[in-house]
Amino acid sequence: MLLKKSYKEITLDILKRFNIDIEEEIMQKAVSLYDTFDDANDPTPLKQIEDDLFVNELYHGPTRAFKDMALQPFGYILSHLAQKLNEEYLILAATSGDTGPATLDTFANKPNIKVACLYPDGGTSDVQRLQMTTQKSDNVKVIGIHGNFDDAQSALKTLLASPTFKEALEKKGIKLSAANSVNFGRIIFQIIYHIYAYVAMLKQGKIKNGEPFYTIIPSGNFGNALGAYYAKKMGLPIEKILIASNINNILTDLITTGVYDLRHRHLLQTTSPAMDILISSNVERVLFDKLGATRTKELMDSLKEKKHLYP
Ligand SMILES: *Cc1c(COP(=O)(O)O)cnc(C)c1O
């Protein structure tokens with residue numbers, strides 16, 4: 001059934017199943033942003049590199065980060081809702097290099113939206129830093145912090161959870177939201193390209209319908225991998241999700257030993273800054289799915305207070 005459909009049509013089909021309370025027309029306009037990608041007919045080309053190995057190219061959007069896949073439509077929808085409800089939003093973003101440019105691109109000059117973006121000064125590539133600091137629109141503010149990505153993201157989470165900050169914003173009639181994958185609006189769009197990759201393999205006649213496959217996902221905050229995890233739960237025949245890390249491989253530890261231990265870890269800067277993360281946000285969502293709310297809360301509290309968790 002999906003075989004004859006385009007990326008956009010499949011996206012709309014899948015989003016419908018989530019019963020999101022947003023008009024069809026708005027959804028259509030949001031996903032039509034994929035038309036601005038390198039190839040409007042194929043925003044995520046699937047390339048074969050060996051007999052049984054494919055690459056899902058997610059870098060064909062305006063900022064070249066795969067974050068565009070979610071942030072382009074998400075930015076449109078949020079700005080539309082803000083205008084419709086006559087609300088002003090402050091969007092916070094913490095970035096290790098790629099989320100920042102993609103967030104700024106999608107929200108630049110959008111009515112009813114302001115963006116504050118925190119990045120680790122010296123922790124991103126020069127191209128990423130310039131993508132952010134040369135952004136000219138006057139509704140965005142980019143701040144290089146003395147610290148690493150975990151510091152930036154933890155500042156973001158503190159602000160999101162702070163009643164005094166919210167109150168101060170409310171007095172000015174401003175609501176608060178986030179552009180990181182702590183926001184589920186990101187994850188929902190990141191489920192779709194995993195499904196589409198399978199559709200593309202079917203279209204190219206490389207796999208039989210229902211035949212299982214492995215997917216390998218470079219991970220930092222675990223948003224991309226979480227999208228695959230949810231796609232599997234929705235019925236996509238993923239046999240295994242393999243998580244690729246750099247030297248900041250705390251997720252490797254968690255998956256191979258079952259322990260998440262920050263006590264003897266220091267974040268190390270690498271040439272893959274998007275994966276220079278030790279406090280990986282979306283792990284909480286997997287724990288929640290596997291262990292339920294109460295146990296997840298205990299584990300997350302343990303991680304915060306004792307710097308380790310043992311699921
Ligand atoms: C964001 C990003 C990652 C990490 O993805 P998560 O969803 O945070 O796990 C890895 N590589 C690149 C190039 C990225 O932009």
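## Some remarks on the pattern of salt bridges
Applying the stated criterion across every chain yields a total of 14 salt bridges. A salt bridge links Lys 29 to Glu 25; the nearest nitrogen and oxygen atoms lie 3.3 Å apart. Separated by four residues within a single helix, Lys 29 and Glu 25 lie in helix H2 (residues 24-31), roughly one turn from each other. Taking relative accessible area as the criterion, Lys 29 reaches 39% and is therefore assigned partly exposed.

## Observations concerning the packing of helix H8 (residues 184-203) against helix H9 (residues 223-233)
One can describe the packing of H8 onto H9 by two numbers: an axis separation of 8 Å at closest approach and a directional angle of 65 degrees. Classified by chirality, the crossing of H9 by H8 is right-handed. In this structure, H8 contributes Phe 184, Ile 187, Gln 190, Ile 191, Tyr 193, His 194 and Ile 195 to the contact, and H9 contributes Gly 223, Asn 224, Leu 226, Gly 227, Ala 228, Tyr 230 and Ala 231. Tallied by class, residues from the contact of H8 with H9 come to nine nonpolar, five polar and no charged.

## Focus: the domain arrangement of the protein
Note on interface size: it is often stated as the accessible area lost on association of the parts. Splitting the protein by domain gives domain 1 (2-178) and domain 2 (226-238 + 246-309). The C-alpha-based centres of domain 1 and domain 2 are spaced at 22 Å. At the interface, 14 residues of domain 1 touch 10 residues of domain 2. Of the roughly 900 Å² buried between domain 1 and domain 2 on both sides combined, carbon and sulfur atoms contribute 54%. When the buried surface of domain 1 facing domain 2 is broken down by residue, Ser 96, Phe 149 and Asp 150 rank first, second and third, together holding 43% of it. Joining domain 1 to domain 2, the criterion identifies zero salt bridges. Inspection of the domain 1/domain 2 interface yields six residue pairs in polar contact (both at pLDDT 80 or more).

## Thoughts on the side chain of Thr 124
Within the secondary structure, Thr 124 sits in the loop between strand E4 (113-120) and helix H5 (126-133). Each residue touching Thr 124, except ones within four places of it in the same chain, is listed here: Ser 96, Gly 97, Tyr 119, Arg 129, Met 132 and Pro 273.

## Quick look at the sheet that holds strand E5 (residues 140-145)
Strands in a sheet are paired, the pairing made by backbone hydrogen bonds, and the direction either parallel or antiparallel. Strand order across the open sheet formed by four strands is E5-E4-E3-E6, with parallel pairing between neighbours. Two strands bound the open sheet, and with one partner strand each, they are E5 and strand E6 (174-178). Averaged over all pairs of adjacent strands, the angle between strand axes in this sheet comes to 20 degrees, irrespective of strand direction. In terms of strand pairing, strand E3 (residues 88-94) meets E6 through five bridges, oriented parallel.

## Some remarks on the site of the ligand
Around the ligand lies a shell formed by Phe 66, Lys 67, Asp 98, Pro 218, Ser 219, Gly 220, Asn 221, Phe 222, Gly 223, Asn 224, Ala 274 and Met 275. Taking Lys 67, its side chain carries an N or O atom lying 2.5 Å from an oxygen atom of the ligand. The contact in question runs from an oxygen atom of the ligand to an N or O atom on the backbone of Gly 223, over 3.0 Å. Considered on its own, the ligand offers 380 Å² of accessible surface; in the complex 83% of this is hidden by protein. Considering only residue class, the shell around the ligand consists of five nonpolar, five polar and two charged.

## Details of the packing of aromatic side chains
Any pair of aromatic rings gets described here by the distance separating the centres and the angle formed by the planes. Scanning the entire structure with this criterion turns up six aromatic pairs. Pairing Tyr 7 with Tyr 34 gives two aromatic rings, centres 5.2 Å apart and planes at 80 degrees, and the pair type is edge-to-face. Taken as a pair, Tyr 7 in helix H1 (residues 7-17) and Tyr 34 in the loop between H2 and strand E1 (46-50) lie far apart in primary sequence, 27 residues in all. Overall, the relative accessible area of 1% leaves Tyr 34 in the buried class. Ring centres of Tyr 34 and Phe 37 lie 5.4 Å apart, and the angle between their planes is 80 degrees; on these two criteria the pair is classed as edge-to-face.

## Digging into unusual backbone geometry
Leaving glycine aside, a negative phi is the common case for residues, and trans is the common case for peptide bonds. Its identity is not glycine, yet Arg 64 carries a phi of approximately 75 degrees, on the positive side. Following the sequence through the fold, Arg 64 ends up in the loop between strand E2 (53-56) and helix H3 (68-84). For Asn 86, which is not glycine, the phi torsion reads 55 degrees and is therefore positive. Mapped onto the elements of the fold, Asn 86 is located in the loop between H3 and E3.

## Considerations on the environment of Ser 125
Looking at where Ser 125 falls in the secondary structure, it is placed in the loop between E4 and H5. A relative accessible area of 30% places Ser 125 in the partly exposed class. Residues Ser 125 and Lys 206, spaced 81 residues apart in sequence, show a C-alpha to C-alpha distance of 36 Å.

## A short note on H9
Burial runs high along H9: nine of the 11 residues are buried. By the burial criterion, the buried members of H9 are Gly 223, Asn 224, Ala 225, Leu 226, Gly 227, Ala 228, Tyr 229, Tyr 230 and Ala 231. As for H9, its buried residues are in contact with H8, strand E7 (213-218), strand E8 (238-244) and helix H11 (283-291). Looking one or two places after H9, you find Gly 235, whose phi comes out positive at around 115 degrees.

Cut-offs applied
- Residues numbered from 1 in each chain as written.
- Predicted model: local features only at pLDDT ≥ 70, side-chain atom pairs only at ≥ 80, totals over all residues.
- Heavy atoms only, no water.
- Salt bridge = Lys/Arg side-chain N within 4 Å of Asp/Glu carboxyl O.
- Helix = DSSP H or I, 4+ residues; strand = E, 2+ residues; numbered from the N terminus.
- Buried < 20%, exposed > 50% of the residue type's maximum accessible area, 1.4 Å probe, protein only.
- Axes fitted to C-alpha atoms, helices over the stretch in contact; angles between N-to-C directions.
- Left-handed = near helix turned anticlockwise from the far one by under 90°.
- Contact = heavy atoms within 4.5 Å.
- Nonpolar A, V, L, I, M, F, W, Y, C, P; charged D, E, K, R; others polar.
- Domains from an automatic or database assignment.
- Buried area = accessible area lost by both parts, 1.4 Å probe.
- Polar contact = N/O pair within 3.5 Å; in protein donor to acceptor, adjacent residues only side chain to side chain.
- Pairing = 2+ DSSP bridges.
- Near = heavy atom within 4 Å.
- Areas by Shrake-Rupley, 256 points an atom, 1.4 Å probe, with all protein chains shown as cover.
- Phe/Tyr/Trp six-rings, centres within 6.5 Å; stacked < 30°, edge-to-face > 60°.

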